Every structure is written in structure tokens, then in C-alpha cells.
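As a plain string of letters, each chain reads:
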Amino acid sequence: MISIRNYIGGALVTKSGGRIDLEEPATGQIAGSLPDSTPEDVERAVQAASKAFPEWVSIGPEGRSKWLFKLADAIETRQEAFAMAESRDSGKPLSVAHTVDIPRAISNFRYFAGAILHDASEAYVDRPSVLNYTLRQPLGVVGCISPWNLPLYLFSWKIAPALAAGNCVIGKPSEITPLTAFLLSEVCVEIGFPAGVLNILHGRGAGVGSAVVNHPEIKAISFTGGTTTGRIIARAAAETFKKVSLELGGKNPTIIFEDANLDEAVDGALRAAFSNQGQICLCGSRILVHSSVYKEVRQRLIEKTSTLAIGDPLDAATQVGSLVSKEHLAKVLGLVEQAIEEGGRVLTGGKKVSLPGRCSSGYFMEPTLIEGLGETCRTNQDEIFGPVATLIPFSDESEAIRIANSTKYGLAASVWTNDIHRAARVSETLHSGIVWVNCWMLRDLRTPFGGVNDSGMGREGGTYALRFFTEAKNVCVKTLPQ
Ligand code: NAD
């Protein structure tokens, strides 16, 4: 049984009081427990962070960069343990944790360790006598709150730029998948990471998460999670005028035009729909296909979807692992029922899967394709966040754009075409923070990442994240007498 502890002021703290059970979703078994932290724990962490802040700032970008590289190296030497923990905690295939989640978390630390050394701010010379230059100063203590779908990957995506920019962090990972954040805190203790610079508190959103958002000394909140939670956080943060970055839900279109390379488009649409059991904010859950190739694409997608290997996440052959929890599985199955009530036809999948042996009580379901639904029905409007995608035919470019833009979200889109002019035209017209052309989830850490409308506000990535975690101060100097 794993007993997760908070990491406060450089030490792993055993807390008396409430605990939350930790479940392995692939087996349905209790694997351990985590602290149900309270506002008092937040207070202790904020005090430790405030105490550590002056020294962390004073070691400068070079000093902070060295620590972040050290952290990345230490995670890398324990990569197997991190990948195993991520897979068991979330139900994702071990192969995915091993090739995507953990390497990306390491890259996040390395990327910002390097980026901070090359960060520059503006200077303006106005005639020879006036120089304006902009300081980019860290905010102080900041809060980073992350979800369960890509646990260490998204947690590190926030804390790495926050730390690099000179802030001290109160991190709050999801209570559903806290394990790799706990391993990270163990690594911090082992390498002697400066005490109080990073603090990790475990527990429920409405308890410890809310206390982080409301704390007056926490200057900014970087949040990734659901749109409903984002709204609550934005409201609460307004009380203390905190900076807020919100990365929220999505209902992303995959648009396949008639001139696309259909082999690549079908594989791309499949990956976009079902990677991580469809539990990625960027997943393409609405597959829009030109009517002239609809039948062919539909047939190929059905064949490929129905042969995806569902199995024990620890089995190397598994392509589809378990959903993250019993409640989430019930929710997604309920949404398939809703789609049928709305007139949808299930082309493949739609059912809970019972596996033999170790995973007999796990939360597995078949990857599901549905067609026959109008663009305005709930199934095509609301985020499902599971292995369910709809197929929607369109007759021309303007109809594709209209359908793609018809939801309240605007996170990501992927466009499949061999016509470069069409690709540019469509990319410009989509209401979306990210557009992939002939690819999906191809990431460059320097690029802006985030969405519009109900998908959030602000951008992460590269200098966007470093700007968020700093405050600009302009200094105007009269350099010569008039
Ligand atoms: P969630 O909103 O339930 O929880 C996210 C985090 O917020 C957790 O750590 C939770 O404990 C905390 N939290 C919950 N209520 C809180 C409150 N009142 N105050 C402070 N913290 C609170 O989301 P989830 O179910 O963990 O994740 C799934 C959602 O995340 C999906 O909607 C998905 O689209 C979204 N997501 C978005 C992105 C992106 O980059 N846009 C990436 C991944 C996931």
C-alpha cells in the first residue's frame, strides 16, 4: 500500500487527519492513500515558499537552470518507476507512459531550464536621450493545479516555467492521480532541491485546491482542468486580483477533405480520437469528413477502431487501457446512451469491457464511433473526454468550417488536405487556439498552447509561460541632459 505524503518546506510530511483512498483503475483495487489536505497545510506551504523566495530569486537564471536540469536528470534515472506509477495510477498503457508522459515531463524541465538562460526583455531607445527597458520579475508564490489525464506531463508543464522564472510554487496535482507528483517530491528530497521552493499538496479540489486559489499571498494560478472548475477558479481569483491562466476542455474537430492522403488522415483521426482512451483535452472527438470520401473513411475507421487492442495497461501489446475511474466510465457509457437517444447509430464499440484475471474489476470500455447526429445535439456539443467520437459528413469547405466552429469550445483542430491554400484558409477561419495540418499533437514546446472561448484563457508554452509567471516593470531612464 502506497502512503502518499505532502512535500512542504523540503520535507515529506506525514499528516494526521483525513485520507483519501487511491485506486488502481485497471484493477479496481485500492492501491494506497493520500492526504486530504486542508487550508492549514496551504498556510504552512505558503510560509515555506515565501521564506525560500528571496534566495531562489538571488541565485539567478543560471542557478535555477542548474536545479531544473538536475531534477530532469534525476527523473530520467528513475524513468521506469515513474512510468509504472503513471500507468497504474491512471490506467493508461505502460508503453504510453514510457514513451510519452514521462519523457515529455523530463523535456518540460529541460526545456525551461534552457529557455530561462536565453530569455530577454524589451528595450526601447527614444532619441539618444531616453532609454526604456522592461524588467521581468517573478511574482512570488504561485499555485499550479493540474488534472488526472496526463498527470506528471501537465504538472511539470506548469511548475517548470514557474520555477525557472524565479517563483516558488504550491503544486496541487489531481487527487485521482497523485502518484508521480509524489515520486517527484521524493526525487526533490533525494537531490536536496532547495527547501520551500517547490511544495506539493495533495487532496481534493474543493478543499485544498480552493484554499490555494483563495490564499491572498499566492499571486497567480495556473490551472488545467474542466471548464466548470475553471469558471469557479476565475471567479474566486478575481477577489484577490490574481493572474490566472486557464487551460480547459475541448470538443475538437478533425476535418478530412476529399484531397487528403486518406491513409494518413484515417490513422491521424484514429490517434486523435482514442489516444489515452480519448482522455486528452486535444482529442479529436468530432470527425468531419467530405461526403465524397465519407463511406470509405467510415469503413476504414470502423475496421481500425474495432481492432484496437484493449487490455491490461501493463501488457506491451495493449493499445487501449482503462478509463481513469468507475465514475468516469459510468459517465462516458451514459453519454453513449444519450447519443443513441439523440438518434445516433453506434458503428462500433459503445460497451463496457470485462477482462479476465488481474483486470477483471477494471474500468475498460470499447472505443466507440457514432454517426447520424446533427451538429447541434449534446453529443456533438459537450466534451465527453472518453473513447467516443462522432462521424459527421460535410459537402464543402464552408460547411466544414461552420460545423467545426459550432461549439462553445475552441482548443484544437486538425485539418487533413493536400491543398496548401485550403489548409491556410481553413486554419485562419477556425475558432481554435491550435490548428494541426496533416498531423495531430505534434508539439514544439516553444509554441503558444491554449484555447479560446470555453477552452480557456491565456497561453502556456515557451516565452508565453515565462511571461505569465513574471510581472513586467518598465524603467525609463533619461540618459543625457537635454
Ligand atoms: P477538474 O477540473 O475536475 O480538476 C482539475 C484539478 O482541479 C484537480 O487537481 C482538482 O482537484 C482541482 N480542482 C477541482 N475543483 C477545484 C476548485 N474548486 N478549486 C481549485 N481546484 C480545484 O478536471 P479533471 O477531471 O481532473 O480533468 C479533466 C478536464 O481537464 C477535461 O475537461 C479536460 O479537457 C481538461 N484538460 C484540459 C487541458 C488543456 O490543456 N486545455 C489539458 C488536460 C485536461
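The notes below deal with the structure included here. All residue numbers refer to positions counted from 1 along the written sequence of the respective chain. pLDDT decides what is reported in this predicted model: residues at 70 or higher carry local features, side-chain atom pairs at 80 or more are listed and counted, and totals for whole chains, interfaces and linings draw on all residues regardless. Only hydrogens and water are set aside; all other atoms, that is, all heavy atoms of the structure, feed into the side-chain values.

Not every one of the 29 residues close to the ligand is listed here, only the nearest: Lys172, Glu175, Thr229, Leu248 and Glu383. Polar contact is the term for a pair of N or O atoms within 3.5 Å; when the atoms are in protein, one must be able to donate a hydrogen and the other to accept it, and sequence-neighboring residues count only if both atoms are side-chain atoms. Glycine 225 is positioned with one of its backbone polar atoms (N or O) 3.2 Å from an oxygen atom of the ligand. At 2.5 Å from an oxygen atom of the ligand is found a side-chain nitrogen or oxygen belonging to glutamate 383. Protein coverage of the free-state accessible area of the ligand, which is 840 Å², stands at 88%. Runs of H or I in DSSP of at least four residues are treated as helices and runs of E of at least two as strands, each being numbered from the N terminus. Of all the secondary structure elements, the ones that give two or more residues to the shell around the ligand are α7 (205-214), β11 (218-224) and α8 (227-239). A molecule or strand has a residue near it when one of that residue's heavy atoms lies within 4 Å. Using the Shrake-Rupley algorithm and a 1.4 Å probe, accessible areas are obtained, with residue cover drawn only from the displayed protein chains.

This part covers the environment of phenylalanine 182. Within the secondary structure, phenylalanine 182 is located in helix α6 (residues 179-191). The class of phenylalanine 182 is buried, set by a relative accessible area of 5%. Spatially, the C-alpha atom of phenylalanine 182 lies 8.0 Å from that of tyrosine 7, the residues being 175 residues apart in sequence. Once you skip the residues sitting within four places of it in the chain, phenylalanine 182 turns out to touch Ser3, Ile4, Arg5, Leu12 and His202. Relative accessible area decides the class of each residue, using a 1.4 Å probe on protein chains only: under 20% of the type maximum gives buried, over 50% gives exposed, and in between gives partly exposed. By definition, residues are in contact when any of their heavy atoms lie within 4.5 Å.

The next thing to look at is the pairing of strand β9 (residues 168-172). Walk down a regular strand and you will see the side chains alternate between the two sheet faces. The buried fraction of β9 amounts to 5 of the 5 residues, a majority that puts the element mostly inside the structure. Of the two faces of β9, the one lined by Cys168, Ile170 and Lys172 and the one lined by Val169 and Gly171 are each fully buried. Two strands form a pair only when DSSP identifies at least two bridges running between them. Alignment of strand β8 (residues 141-145) against β9, held across 5 bridges, turns out to be parallel. Opposite isoleucine 145, over in β9, you have lysine 172 as the bridge partner. For the crossover from β8 across helix α5 (residues 151-164) to β9, the handedness is right-handed. Taken together, the 3 bridges between β9 and strand β10 (residues 198-200) define a ladder with parallel strand orientation. Residue pairing for β10: glycine 171 is matched across the bridge by isoleucine 200. The path from the first strand over the helix to the second decides the hand: if it runs clockwise while the strands point away from the viewer, the crossover is right-handed.

All right, on to the side chain of serine 325 then. Counting through the fold element by element, serine 325 comes out in the loop between α10 (294-306) and α11 (326-341). For serine 325, a relative accessible area of 10% gives the class buried. Ignoring anything within four residues of it in the chain, the contact list for serine 325 reads Pro25 and Tyr363.

Looking now at helix α14 (residues 420-429). Within α14, the full set of buried residues consists of Arg422, Ala423 and Val426. The buried residues of α14 occupy an angular sector of 100 degrees when projected down its axis, which confines them to one face. In α14, the exposed residues that point more than 90 degrees away from the buried face are Ile420, His421 and Glu428. Capping the start of α14 is the job of one residue whose side-chain oxygen sits 2.9 Å from the backbone nitrogen of histidine 421: aspartate 419. Starting at the helix axis, one direction is taken to each C-beta atom, and the arc is that of these directions.

Here the focus is the packing of aromatic side chains. Describing an aromatic ring pair means giving the distance of the ring centres and the angle of the ring planes. In this scheme Phe, Tyr and Trp rings, the latter by its six-membered ring, pair at centre separations within 6.5 Å, and the angle between planes marks the pair as stacked below 30 degrees, edge-to-face above 60, and tilted otherwise. On inspection of all chains with the given rule, the structure shows 8 aromatic pairs. Consider the rings of tryptophan 67 and phenylalanine 193, whose centres lie 5.6 Å apart with planes at 80 degrees: the pair is edge-to-face. Taken together, the residues tryptophan 67 in helix α2 (residues 60-77) and phenylalanine 193 in the loop between α6 and β10 connect sequence positions 126 residues apart. Taken together, a centroid distance of 6.5 Å and an interplanar angle of 65 degrees make the contact between tryptophan 436 and tryptophan 440 edge-to-face. Taken individually, tryptophan 436 and tryptophan 440 each receive the classification buried, so the pair is uniform in this respect. Site record: aromatic cluster; members linked through ring pairs are Trp56, Trp67 and Phe193. Counting as a charge over the ring demands two things of the Lys NZ or Arg CZ atom: a distance within 6 Å of the ring centre and an angle within 35 degrees of the ring normal. Positioned over the ring face of tryptophan 157 is arginine 104, at 4.6 Å from the centre of the ring.

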